[in-house]
Amino acid sequence: MTNIADRVRAALQGDQRVDPDALIARLDAVRRFLDAVDGQLPDAQLVPAHTLVERAGTRLALSRDHTVVALAGATGSGKSSLFNALARLGLSPVGVRRPTTGVAHACVWGPLDGANRLLDWIGVLPRHRFVRESALDADDESALHGLVLLDLPDFDSVQRSHRLEVDRLLGLVDLVVWVVDPQKYADRVIHTNYLREFHRHRDVTLVVLNQADRLPPAELPPVLDDLRRLLDADGLGGVPLLATTAIDPARIVELRGTLERTVAGRQAALRRLAGDVDTVVAGLDELVAADTPAAGPDEGTVGSLSRALAGTAGVPAVAAAVEGAYRHRAVASTGWPLVRGWRRLRPDPLRRLHLPGAVSGTDAGAPAESLVAATSVPDPTAAQRSALGLAVRAVADRSGAGLPAPWATAVTTAARSRLGDLPDALDRAVAGTDLGMDRRPVWWRFVGAVQWLVTVAAVAGLGWLALGYALRALGLPALEYPRVGEAPLPTVLLLGGLLAGLLLAALTRPVVRWSARRARHRAEKRLTAAVDAVGRDYVVTPVRAVLDRYGQARQALRDAERS
Ligand SMILES: Nc1nc2c(ncn2[C@@H]2O[C@H](COP(=O)(O)OP(=O)(O)OP(=O)(O)O)[C@@H](O)[C@H]2O)c(=O)[nH]1
Ligand SMILES: [Mg+2]
């Protein structure tokens, strides 16, 4: 019963053909995954994927016409005996001293030439390579044409070198025939260390209970059933299970037939690699989450970052300086001409910060690059620095939320990656911002001109009055002043000019204050925008780059999954 069920399963498995193009596309997806995660994730987690991409590329390039089948098993299970029986030649020594086979032996059905490069890559020494098919065999062996059969050392060996060699070869071959014997078929080592590990390679796994002749015929079916149960527990349900007797050619016919079908199908290499891709994808699965990745930090978090950066960059101090400078300059331009000079003696608040716009004209339009670290904006306080640290952390936390741990770490690293460059960048941004202070408003000139006019009038009136007074004092004929109503014109000019000047200054003051506040807000807006751009460039963009890579990696891994 069991054998019939096995055969049906085997037949069904045989129908699941691996399309080479689909396999290559999956391998390509693994390569894309590796490109996307390069530098973002710890290399140690990526070794199997790198190994797969490298091995698969080489295996597919070497030969798709050959099928490399390994006989693997514990010492004394009869691997070499089966190898020789299948080859119908005594190629690999069979011994009583255990272990016997120390290095892999290969037998090639078909011309050795084509298989040599494959065997070079697999690492079978030339003196252990044999050719089975010769002209003498006629068509006897043609059904196995393309088979490269390997007799491996024992995997449970007392010799460490044997175990290493087996592990290496098991990673390279297309199909593994696990050879067990009636005494040791239930050994923990073979199941735990090997068969279980190969559960994703069910399509390229065959299990052989050799030395079946050592069991009384009635005991064979229960032993096979027991072995089948163990295989099911290993995750190898449905793999073909055959009973063989290496010393009886009639009782390896079924194994031979299975190998013939495998060779003819030319699917083993592809299936092996497809299983490898499954294993690698399963191992990487924890590196991507099920949900679609977030696009980046929300605007609220970025806003907090901008505010923190503005504090660090001294935006409030610069804005206050702009307001002060506006008032300073406005008064210097529109004030009473006699006190303007005194006003000019006081330092300009912007000039103190060494900011463009500190003096109109020359340095106002200078390129930002030439102003590196040129400002004297006060250094950030400890509180501002820690607020910035918290804001950057918030960007990282928000962006990394829900991502697998290594990606969350990568996001945090990215968010902090350019922190060292921030002070200079902020200084450049502040220095490069047009604060709107390099032009004198027209109304200043107008008011200034009017002030001059009324002052000239007052001075002229004063001079005129002084002249009249002097003439009178010298006893000369007095000046006849023209009159405006009852008042003499010089007096009107003097008092009117003085009064008009004072009135104009008084009326201008609130306008200056209001305009200065507007100038402050405008500067604040521009500075905040500049600082916000720095935050996006230096913190948000690196984070987005990691999230982009995460998205690519996630998509690549989905593409690498078996469809
Ligand atoms: N009765 C019987 N004896 C077998 C059978 N297969 C192998 N033997 C004997 O079992 C012993 C071990 O056989 P090998 O072929 O050397 O075993 P192996 O798995 O290659 O062992 P190592 O090379 O040490 O790993 C030899 O004495 C064989 O003659 C079989 O099917 N029936
Ligand atoms: Mg051997």
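Remember, it's a predicted structure, so these values are computed and weren't measured experimentally.

A look at the coordination of the magnesium ion (ligand 2)
- Taken together, the protein donors to the magnesium ion (ligand 2) comprise Ser80 (OG) and Thr101 (OG1), at separations of 2.0 Å. Taken together, the residues serine 80 in helix α4 (residues 79-87) and threonine 101 in the loop between α4 and β2 (105-108) connect sequence positions 21 residues apart.

Considerations on the confidence of the model for the protein
- Per-chain confidence: the protein averages 89 in pLDDT, with 92% of residues scoring 70 or above.
- Scored below 50 in pLDDT, residues 4-12 shows six contacts in the model against residues more than four places distant or in partner chains.
- Low pLDDT, under 50, characterises residues 359-373; the stretch is placed with 18 contacts to residues that sit more than four places away or in other chains.

Describing the pattern of salt bridges
- Taken as a whole, this structure holds 26 salt bridges when the rule is applied.
- Taking the shortest distance from any N to any O, the salt bridge between glutamate 299 and arginine 536 comes out at 3.1 Å. One end of the pair, glutamate 299, is in helix α11 (residues 299-313); the other, arginine 536, is in helix α19 (residues 489-560), and 237 residues separate them in sequence.
- On the basis of relative accessibility, which here comes to 27%, the residue arginine 536 falls in the partly exposed class.
- Ionic pairing is found between aspartate 421 and arginine 418, a salt bridge with its closest N-O pair at 3.8 Å.
- Taking relative accessible area as the criterion, aspartate 421 reaches 39% and is therefore assigned partly exposed.
- By relative accessible area, which is 30% here, arginine 418 ends up partly exposed.
- Beyond isolated ion pairs, a larger network of salt bridges with shared partners links Arg88, Arg132, Glu141, Arg256 and Glu260.

Considering the packing of aromatic side chains
- This structure, assessed with the given rule, holds seven aromatic pairs.
- Ring centres of tryptophan 178 and tyrosine 194 lie 5.9 Å apart, and the angle between their planes is 50°; on these two criteria the pair is classed as tilted. Of this pair, tryptophan 178 sits in strand β5 (residues 175-180) while tyrosine 194 sits in helix α7 (residues 188-195), placing them 16 residues apart in sequence.
- With a relative accessible area of 0%, tryptophan 178 lands in the buried category.

Thoughts on a positive patch on the surface
- A surface patch of like charges, here positive, comprises Arg327, Arg509, Arg513 and Arg517.
- Element by element, the count of residues in the positive patch is highest for α19, at three residues.
- For arginine 327, the position within the fold is in helix α12 (residues 315-334).

So, the sheet that holds strand β3 (residues 129-131)
- Taken together, seven strands build an open sheet; the order of strands is β3-β2-β4-β1-β5-β6-β7 and the sheet is mixed. Each end of this open sheet is capped by a strand with a single partner; those strands are β3 and β7 (241-243). Along the sheet, successive strands turn relative to each other by an average axial angle of 20°, direction set aside.
- As judged from the three bridges shared by β2 and β3, these two strands associate in the parallel manner. Opposite cysteine 107, over in β3, you have phenylalanine 130 as the bridge partner.
- Packed on one face of the sheet, helix α9 (residues 253-265) meets β1 (67-73), β4 (147-151), β5, β6 (205-209) and β7 and runs near 170° to β5.

Let's talk about the pairing of β6
- Burial analysis of β6 places five of its five residues in the buried class, the great majority of the element.
- With five bridges connecting them, β5 and β6 associate as parallel partners. Note on β6: the bridge partner recorded for valine 176 is threonine 205.
- Chirality of the crossover, the property in question, places the unit of β5, α7 and β6 among those that are right-handed.
- Bridging between β6 and β7 involves three bridges; their strand directions are parallel. Looking at the pairing, valine 208 lines up with leucine 242 of β7.
- Between β6 and its parallel partner β7, the chain crosses via helix α8 (residues 220-233), and the hand of that crossover is right-handed.

Calculation criteria
- Residues numbered from 1 in each chain as written.
- Chains lettered and ligands numbered in written order.
- Predicted model: local features only at pLDDT ≥ 70, side-chain atom pairs only at ≥ 80, totals over all residues.
- Heavy atoms only, no water.
- Donors = N, O, S within 2.8 Å, 3.2 Å for Na, K, Ca; no water.
- Helix = DSSP H or I, 4+ residues; strand = E, 2+ residues; numbered from the N terminus.
- pLDDT = per-residue confidence, 0-100.
- Contact = heavy atoms within 4.5 Å.
- Salt bridge = Lys/Arg side-chain N within 4 Å of Asp/Glu carboxyl O.
- Buried < 20%, exposed > 50% of the residue type's maximum accessible area, 1.4 Å probe, protein only.
- Phe/Tyr/Trp six-rings, centres within 6.5 Å; stacked < 30°, edge-to-face > 60°.
- Patch = residues over 30% accessible without salt bridge, like charges linked within 9 Å, V, L, I, M, F, W, Y side chains within 5 Å.
- Areas by Shrake-Rupley, 256 points an atom, 1.4 Å probe, with all protein chains shown as cover.
- Lys, Arg positive; Asp, Glu negative; His and termini not counted.
- Charge placed at Lys NZ, Arg CZ, Asp CG, Glu CD.
- Pairing = 2+ DSSP bridges.
- Axes fitted to C-alpha atoms, helices over the stretch in contact; angles between N-to-C directions.
- Right-handed = clockwise from strand over helix to strand, strands pointing away.

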